[in-house]
Amino acid sequence: MKYLLEVCIDSFESALNAQAGGADRVELCDNLYEGGTTPSIGMISMVRESLSIKLNVIIRPRGGDFLYSDAEYDIMKFDILKAKEAGADGLVFGLLLPGGLVDIERTRELVELARPMSVTFHRAFDMTPEPFKAIDDIIRTGAMEFHLTGRKKMKSRMEYRKEGIFMGGLPEIPEYTRKVADIKKLRTIRDILDSSGIQ
């Protein structure tokens, strides 16, 4: 069994370094500080021309949540077509409804538009209130790859706490909590995927 190494990148230099470092695939983003947004068509084209490994491109018109307006949805469709023309191997996106469930209809439309490229449903999955229903919904739109953190919040064991100092984090993220992968959550998701026949 060969493990696949995918590296999330946001620059041309990082693309070259990822390939030189042994990556099997890169996920090309812009603006990682915002969680990743769609890179320019120039960036996609230059990275594609320079790499021999697989290239996935995030399709996300802005930072913030994953509930998109009609105009933003049209932008996503346009970006999918441009990424396809530029030779991307796969796309990474995720759409939610106002209540946090997966937007099945729009996701299915984007998956169809993306063919024959592969599609990975990204961390929008982490924002849904019902992750196990979301997995089932995503599988029914035909997704075969899943990109998620599956994390949970952990309280710091620090006894001394100096309030008001942020060590490189965002002000809204307390310094005395952290997020770690949740083994139970990930095993449940793995079991759901395995029982669905996805290998």
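Residues numbered from 1 in each chain as written. Predicted model: local features only at pLDDT ≥ 70, side-chain atom pairs only at ≥ 80, totals over all residues. Heavy atoms only, no water.

(A) Quick look at the nonpolar core. Counting residues in hydrophobic clusters, the biggest one holds 40 residues, and the most contacted among them are I80, L91 and F93. Residues in contact with I80, not counting those within four places in the same chain, are I59, L91, F93, L110, L113, A114 and M117. (Core = buried A, V, L, I, M, F, W, Y, C linked by side-chain atoms within 4.5 Å. Buried < 20%, exposed > 50% of the residue type's maximum accessible area, 1.4 Å probe, protein only. Contact = heavy atoms within 4.5 Å.)

(B) The pairing of strand β4 (residues 90-93), seen in detail. Neither face of β4 is left uncovered, since the one carrying G90 and V92 and the one carrying L91 and F93 both have all their residues buried. In terms of strand pairing, strand β3 (residues 54-58) meets β4 through three bridges, oriented parallel. Residue pairing in the sheet places N56 in a bridge with G90 of β4. One crossover worth recording links β3 to the parallel β4 by way of helix α3 (residues 70-85), and it is right-handed. Relative to strand β5 (residues 118-121), β4 runs parallel, the two being bridged by four bridges. Opposite V92, over in β5, you have T120 as the bridge partner. Taking the sense of rotation as the criterion, the β-α-β connection linking β4, helix α4 (residues 104-114) and β5 turns out right-handed. (Helix = DSSP H or I, 4+ residues; strand = E, 2+ residues; numbered from the N terminus. Pairing = 2+ DSSP bridges. Right-handed = clockwise from strand over helix to strand, strands pointing away.)

(C) Up close: the pattern of salt bridges. Counted under the stated rule, the structure contains 11 salt bridges. In this structure, K133 and D137 form a salt bridge, with 2.9 Å as the shortest nitrogen-oxygen distance. Of this pair, K133 and D137 are both found in helix α5 (residues 131-140), four residues apart, which corresponds to roughly one turn of the helix. For K133, a relative accessible area of 35% gives the class partly exposed. Between R140 and D137 there is a salt bridge, with its nearest N and O atoms 2.6 Å apart. (Salt bridge = Lys/Arg side-chain N within 4 Å of Asp/Glu carboxyl O.)

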